[in-house]
Amino acid sequence: MVIGYSSAVPSASIWPFDQQGGGFTQQSQPFSPQMGPFQQRWAMRRTRQAAKEEEPDYMDEAMKEDGKKAPAVAAAPKKSWDLPESDVPVAPFTAEDLHKFFNVERMRHLFVDVNMLDASATTEDFSIGISGNVYSSRSLGESPFVPPYPFRLPQNPTRRAAEVIVSSYTINSLLFHAHRTNALLFHVDSSTPGVGNLLKTTCSIDEICISDQIEEVGQRFPGKNLELIIRTLEEPSVEIEEGAVIMKFSGKTMFFVQGSRKKVGSISFTTVFEVQAQTIGGRLVGTLAIRRLVFHRDVDFFGLSARDLEGFRQSIRQALEKKANSTLKKGIPLSTETDSLPLKFNNIHVSFMKNILLLQSNIDLYNTLFSLTGNSAFPALPNFVNRVKAA
């Protein structure tokens, strides 16, 4: 991973590189052996503090139902699932929605090694290369992925004041350790924007719900809502190409009657999907295509087999693609204006290159200094910045 800063076009980047070929040459060892006594004590202290602050996790409690068989119900004929068009308005995800979908606190035991490997300076920029290794305080061992040495600097004509380059090695290592520690749990219920209504067990003729495709759900639990907990069966993997990201994800979806922790079934699956995206007008715009979605044979869902759920599988694939493309077509805003960050970024640009995620942004130095000082110990600093800006 690389960070840097430039003078001609103020730029900042982070990556391993060598002086001749543009790639760091120092081999990065696993993070934990490199940690000194102080770092080890700090990591353990942080882990113990996190354990004290951690409240009982609703999903952990629900996961205790995993492995229990759901009651079998005789199969019923399937109806077609008339999905909404992609231009139907979808409520945007709020920060609270995202937190309910995935609680990032479950990953607080993961650490990224930011030990500096090398640095380089020219008349136009200053770059720092850091390790980017990932480790967990809850498990031992290294990820099976190979660090990218040498890590070549990308040829990119568009420069920004700050640039951060992250290799797919760091991303995949993070996913590997997150899976090993059961940190990748996702929660979907009736309040989830875009898909919550589909989890009704029964609905009127002009609505769409899960019983349109699987009548057994409505027969067994009429007038209810289902909620889902999705966990990984193996570590997800990410492949970054020019302008696209390809992910393989194998997981298990557990179905519950919402609010009761009563498990009604589970479906294991494997999917491969591709997201093509580019930054246009301050938004990340793109498309999503599900290359593959298969249900495993160990289906435990109202006595139905994977073959019985073929229509349901196809409907899920179509629904996910339409919902995702509806959002990606409008674009995801790349703005930090509402964030309480010490640095004020603008003109943010995200791009994908071969095995590289490139994050670029300019820094609003005036607003950054003003927000940091304000009416504090440096009241004259904003006026000084104003004079410099005017000059």
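Structure: see above.
First, a word on scope: everything that follows refers to the structure included in this document. Residue numbers run consecutively from 1 along every chain, following the written order of its sequence. Side-chain atom pairs in this predicted model are given and counted only at pLDDT of 80 or more, local residue features only at pLDDT of at least 70, and totals for whole chains, interfaces and linings cover all residues. Side-chain metrics in this entry use all non-hydrogen atoms of the structure; hydrogen atoms and water are not considered.

### Focus: the overall build of the protein chain
Piece 1. In this description a helix means any DSSP run of H or I spanning at least four residues, a strand means any run of E spanning at least two, and both kinds are numbered starting from the N terminus. Across its full length, the protein chain carries nine helices and 17 strands.
Piece 2. Partly exposed residues are those whose accessible area sits between 20% and 50% of the maximum for their type, while under 20% is buried and over 50% is exposed, using a 1.4 Å probe and protein chains only. The proportion of buried residues among the 391 residues of the protein chain is 43%.
Piece 3. Contacts were defined at the residue level, with two residues in contact if any of their heavy atoms lie within 4.5 Å. A separation threshold of at least 6 residues defines the contact pool for the protein chain, and within that pool the share at least 24 residues apart is 68%.
Piece 4. Values of accessible area rely on a 1.4 Å probe in the Shrake-Rupley scheme; residue burial ignores everything except the protein chains shown. Counting every atom, the protein chain has about 21,100 Å² of accessible surface; 56% of that belongs to carbon and sulfur.

### Details of unusual backbone geometry
Peptide bonds are trans in most cases, and residues, glycine excluded, mostly fall at negative phi.
Piece 1. Within the chain, N182 stands out as a residue other than glycine whose phi angle is a positive 60 degrees.
Piece 2. Mapped onto the elements, N182 comes out in the loop between α5 (168-180) and β8 (185-188).
Piece 3. With relative accessibility at 29%, the residue N182 sits in the partly exposed group.
Piece 4. Of note in this structure, F302 is not a glycine but carries a positive phi near 55 degrees.
Piece 5. Mapping F302 onto the fold places it in the loop between β14 (300-301) and α7 (310-330).

### Observations concerning the pattern of salt bridges
Piece 1. Any Lys or Arg side-chain nitrogen found within 4 Å of a carboxyl oxygen on Asp or Glu counts as a salt bridge. Summed over the entire model, instances satisfying the criterion amount to eight salt bridges.
Piece 2. The salt bridge partner of E234 is K248, with a shortest N-O separation of 3.8 Å. Residue E234 is located in the loop between β9 (226-232) and β10 (237-241), and its partner K248 is located in strand β11 (residues 244-257); the two are separated by 14 residues in the primary sequence.
Piece 3. The partner of K354 in a salt bridge is E241, and the shortest N-O contact between them spans 3.2 Å. Of the two residues, K354 is situated in the loop between β16 (345-353) and β17 (356-363) and E241 in strand β10; the sequence distance between them amounts to 113 residues.
Piece 4. Under the relative-accessibility criterion, K354 is labelled partly exposed at 46%.

### Considering the packing of aromatic side chains
Piece 1. Pairing of aromatic rings covers Phe, Tyr and the six-membered ring of Trp, with a centre-to-centre limit of 6.5 Å; geometry is then stacked below 30 degrees between planes, edge-to-face above 60, and tilted otherwise. Summed over all chains, the structure comprises ten aromatic pairs.
Piece 2. Their ring planes at 15 degrees and their centres at 6.0 Å tell us that F249 and F269 sit as a pair that is stacked. Residue F249 is found in strand β11, and its partner F269 is found in strand β12 (residues 262-280); the two are separated by 20 residues along the sequence.
Piece 3. What makes F249 buried here is its relative accessible area of 11%.
Piece 4. Residue class for F269 comes out buried when judged on its relative accessible area of 12%.
Piece 5. Members of the aromatic cluster, joined through ring pairs, are F221, F255, F295, F301, F302 and F312.

Treat this as a map of the structure, not an account of what it does.
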